Amino acid sequence: MKKLLFIYLLLSSILTYAHAPNQSYIFLRIYETDGIEGRYEINVKELNKIFNLSLPKNASVEDLKPYQNLIQNYLLKNSSFKSELGKHDIYFGDLGVQPITSGNYMQFHFKLKDIKQLPDNLDVYYNVGFIEDPEHKGFLTVEHNWKAGLINNESIIALDFSPSDPNDTLNLSETSIFTGFIAMIKQGIWHIWIGLDHILFLLALILPAVVRRKNKSAYGWEPVMTFKAAFLYIIKVVTYFTIAHTITLTLASLELVNLPSQFVESVIAFSIGLAAYHNIRPVFKMKDWVIAFIFGLFHGFGFASVLTDLGLSGEFLTLSLLGFNIGVEIGQLVIIACIFPILYLIRKHQFYPKFLVFMSIFLIIVSLYWFIERVFDINLYVDDYIFMATYDLAKWLGLK
């Protein structure tokens, strides 16, 4: 109990420390073909202190626009990037905002000029807010660098700056394709583990693996006699699901076929209910694999949207696809390995047919809930708690 309390307090202190008002950040995204882009993030309170402004705590982009040139000129004067290739000018783009309870962080997006090939080292000068606030701290995070295994990263600090030491060097040479490939495998595992809809679809598919309908009846059940029979059922269903989602994941990632995200997510929600209903009253008699294959196609489109969100539609796409797909398969095999042995052990108990029906009804209810949310584009917020619990577990396991 004391250990759990210590872990809780430690995590709480880390979360409190992250994005504190007297800290500012540089987030970089490093691409092999498109160079380096990024953004500055500075808290409204610090902007008010540095420029003697009176921006509200929850300032918007519109509130910031009158001071955009003033702040960007200040950033150009107090920060810079250079390498063995020379100095890299900063070209500003859009403004953005990151809502934080302690006061919004204002975002200044930029791209570095004259990076036709990635340098080995990037020398960074950062002297933002130090004169006006001696307690101010500056950090640089590499948010994306495929070959360094950093994808959608916002938590690992690469460099830190202080009034006494505003210069530091970012090493870009310690990277490898293998590191990026492993990172994509982790992303695939991570996505299937937090993708509760994918997990519940798998559960609906494997619930009947350890029983068979009596005389092909819709309602009577009897346990399978051998482990082999149940295991072969699992292999067949999972294989068809894997083939299906691999096809559409590839097609969508290569931008050969695209479907609206809302439609895809709605069908994924519906797939859980139909697979569960099939357990109660067969839709495709003796052809359970049909549901796995047909709806697996839509789950593949769902997986593809993750790659797009990660900004991986261009560089290392083939390896990204392969690594991510391997991760998805590992993730789902772990899930099946956790659930299937339990189902096999309890299959002979008299309550199992009732348990199968009860779980299927539960899955139908969850499916309808998500389907309504996604079709009508509303959020009933009930599943946010489930997602956050899964998210925290995956972080603890080192997958995020």
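Residues numbered from 1 in each chain as written. Predicted model: local features only at pLDDT ≥ 70, side-chain atom pairs only at ≥ 80, totals over all residues. Heavy atoms only, no water.

1. So, the environment of isoleucine 199
Quick note on the threshold: Working definition: helices are DSSP H or I runs of at least four residues, strands are E runs of at least two. Numbering for both runs from the N terminus. Summary of the burial criterion: residues with accessible area below 20% of their type's maximum are buried, those above 50% are exposed, and those between are partly exposed, where the area comes from a 1.4 Å probe applied to protein chains only. Contact definition: two residues touch when any of their heavy atoms are within 4.5 Å.
Here isoleucine 199 is to be found in helix H6 (residues 196-206). Owing to a relative accessible area of 17%, isoleucine 199 belongs among the buried residues under this scheme. Measuring from C-alpha to C-alpha, the distance between isoleucine 199 and isoleucine 335 comes to 7.6 Å, with 136 residues separating the pair along the chain. Setting aside residues up to four positions removed in sequence, isoleucine 199 forms contacts with Ile192, Trp193 and Ile335.

2. Notes on the pattern of salt bridges
Put simply, the rule reads: For this analysis, a salt bridge means a side-chain nitrogen from Lys or Arg found within 4 Å of a carboxyl oxygen belonging to Asp or Glu.
Evaluation of the coordinates by the stated rule reveals eight salt bridges. Two residues, arginine 39 and glutamate 143, come together in a salt bridge whose shortest N-O distance is 3.0 Å. Linking arginine 39 in strand E2 (residues 35-43) with glutamate 143 in strand E8 (residues 137-145), this pair joins segments that are 104 residues apart in sequence. The burial state of arginine 39 is the same as that of glutamate 143; both residues are buried. Of the charged contacts, one joins aspartate 197 and arginine 374 as a salt bridge, the two residues approaching to 3.2 Å between their closest N and O atoms. In this pair, aspartate 197 is assigned in helix H6 and arginine 374 in helix H11 (residues 352-375), connecting sequence segments 177 residues apart.

3. Comments concerning the environment of alanine 148
Of note, alanine 148 is situated in the loop between E8 and strand E9 (157-161). Residues alanine 148 and isoleucine 30 lie 118 residues apart in sequence; the distance between their C-alpha atoms is 9.7 Å. Here alanine 148 is in contact with Thr175 and Thr179, once residues within four sequence places are set aside.

4. A word on the pairing of strand E5 (residues 90-98)
To keep it simple, the criterion reads: Strands pair, by our definition, only if DSSP identifies at least two bridges between them.
By the bridge criterion, seven bridges tie E5 to strand E6 (residues 105-112) in an arrangement that is antiparallel. Each bridged residue has a counterpart across the sheet, and for glycine 96 the counterpart in E6 is glutamine 107.

5. A closer look at helix H4 (residues 68-78)
Spelled out, the test is: The arc in question is the one spanned by the directions pointing from the helix axis to the C-beta atoms.
Those residues of H4 not exposed but buried are Gln68, Ile71, Gln72, Tyr74, Leu75 and Asn78. Each buried residue of H4 lies within a common arc of 155 degrees when the element is viewed along its axis, so the set occupies one face. Counted as exposed and oriented over 90 degrees from the buried face of H4: Asn69 and Lys77.

6. Observations regarding the sheet that holds E8
Defined as follows: Lines fitted to the C-alpha atoms define the axes, with helices restricted to the stretch that makes contact. Angles between their N-to-C directions range from 0 to 180 degrees.
If you trace the six strands from one edge of the open sheet to the other, you get E5-E6-E2-E1-E8-E9, paired in mixed fashion. Strands at the two margins of the open sheet, each flanked by one partner only, are E5 and E9. Each neighbouring strand pair of the sheet contributes to a mean axis angle of 20 degrees, computed without reference to strand direction. Bridging between strand E1 (residues 23-31) and E8 involves eight bridges; their strand directions are parallel. Looking at the pairing, serine 24 lines up with glycine 138 of E8. On the sheet, helix H2 (residues 44-51) packs against E2 and E6 and is oriented at approximately 80 degrees with respect to E2.

7. Focus on the sheet that holds strand E10 (residues 167-171)
With respect to topology, four strands assemble into an open sheet ordered E4-E3-E7-E10, the strand pairing being antiparallel. The open sheet has two free edges, formed respectively by strand E4 (86-88) and E10, since each of these has just one partner strand. Neighbour to neighbour, the strand axes of the sheet diverge by 30 degrees on average, direction disregarded. In this structure, strand E7 (residues 121-126) lies alongside E10, joined through five bridges in antiparallel fashion. Residue valine 124 lies in a different strand from E10, and its bridge partner there is aspartate 168. Strands in contact with H4 are strand E3 (79-83) and E7; relative to E3, the strand with the most contacts, it is inclined by about 45 degrees.

8. A short note on the nonpolar core
The condition that has to hold: To form a nonpolar core, buried Ala, Val, Leu, Ile, Met, Phe, Trp, Tyr and Cys residues must be joined to one another through side-chain atoms within 4.5 Å.
Judged by nonpolar contacts, the single largest core of 64 residues is most densely connected at Phe201, Leu207, Val210, Phe324, Tyr352 and Leu363. Broken down by secondary-structure element, the contributors of at least two residues to this core are helix H5 (177-194), H6, helix H7 (227-253), helix H8 (261-280), helix H9 (288-309), helix H10 (317-346) and H11. Examining the composition of this core, we find that 10 residues originate from one element, H10, more than from any other. Excluding residues within four positions of it along the chain, valine 210 makes contact with Pro223, Val224, Ala230, Phe340, Leu343, Tyr344, Arg347 and Tyr352. Grouped together as the second largest cluster of nonpolar side chains are 37 residues, Val44, Leu122, Val128 and Leu170 included.

Nothing here speaks to function; it is all geometry.
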